[in-house]
Amino acid sequence: KDSFAYTNANKTLQGFHKENLDFDTAIIHHKWSQFDIEGQFTQTPQGSVIFSHEGKLYIAKSIDGKNWENPKKLTIEGMGKRRVTMRGSSLFYRSWRYPEEDAIVMYNPHLSNDGKRLYYASNNYGTKGKLDIWYSEMINGKEDEWTEPTNLGESVNTESDENYPFIFDNNLYFSSEKTDSLKGSNIYKHTFASNESVLLPEPFNSNADDYNMVGDGNYLFLISTRAGNPDIYYPAQIEIANADSTQ
């Protein structure tokens, strides 16, 4: 709650909270930058870091909370024999370059609150669009072993892109380019209890691209191109758990 971390040009930076919603100049997190993290990453309850690199998911296990082992690829059932080839990728949503047609990739992981379910975007077999939101369950309490991917289904995934999953207050928030979005990519809230997804109102969404919302009960951050370039925004003092649909 005293800082937040993010990636830019595959470097991981850390901004430190001063007061209210003011953050000090970010510094480079040199250890995590060595991992060459792409986009969104997540931490386990034990402090390990799960992230994507060239369309694969990796884990760097925590040694003491300040140091991490060298990353190794996550073991996800049913994925071991699938070939991955990449054209390349970058941090910001509109700049992703998609892989070759036969490649299976996984991006932007996010863990559930208890750390036992891992959400991510993938074009795995059965994907409805270019990318869908999928999840895997932890196997026998092992951070680096996960079940075969499960698609979240039609209440979340469409023929458009779904990306950047994020869990808050037992609801799923994600970005989508589906037809009821304001323009480009917008942020949606999926309620598991009702199995419904709704478009979040302003200021979360705009007529530009809005995506990659993360945070905790105190601070929320998202990326938006509403001012032209992709920048980090934090909508102040907004109860996202009670946000109404714009529909």
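Residues numbered from 1 in each chain as written. Predicted model: local features only at pLDDT ≥ 70, side-chain atom pairs only at ≥ 80, totals over all residues. Heavy atoms only, no water.

## A short note on the sheet that holds strand β16 (residues 171-176)
Taken in spatial order, the 4 strands of this open sheet run β15-β16-β17-β18, and their pairing is antiparallel. Bordering the open sheet on either side are β15 (162-168) and β18 (196-199), each of which pairs with just one other strand. When the angles between neighbouring strand axes are averaged without regard to direction, this sheet yields 25 degrees. (Pairing = 2+ DSSP bridges. Helix = DSSP H or I, 4+ residues; strand = E, 2+ residues; numbered from the N terminus. Axes fitted to C-alpha atoms, helices over the stretch in contact; angles between N-to-C directions.)

## With respect to the sheet that holds strand β20 (residues 220-224)
Strand order in the open sheet formed by 3 strands is β19-β20-β21, and the pairing between neighbours is antiparallel. Looking at strand neighbours, the two that pair on one side only are β19 (210-215) and β21 (231-233), the edges of this open sheet. For this sheet, the mean inter-axis angle between neighbouring strands, taken without regard to orientation, is 25 degrees. By the bridge criterion, 3 bridges tie β20 to β21 in an arrangement that is antiparallel. Paired with L222 across the strands is Y233, a residue of β21.

## A closer look at the pattern of salt bridges
Under the defined criterion, the tally for this structure stands at 6 salt bridges. Notably, a salt bridge pairs K142 with E145, separated by 3.9 Å at the nearest N-O pair. On the basis of relative accessibility, which here comes to 27%, the residue E145 falls in the partly exposed class. With a shortest N-O distance of 2.7 Å, D210 and R226 are connected by a salt bridge. Linking D210 in strand β19 with R226 in the loop between β20 and β21, this pair joins segments that are 16 residues apart in sequence. Taken together, the salt bridges that share partners define one network made up of K61, K72 and D144. (Salt bridge = Lys/Arg side-chain N within 4 Å of Asp/Glu carboxyl O. Buried < 20%, exposed > 50% of the residue type's maximum accessible area, 1.4 Å probe, protein only.)

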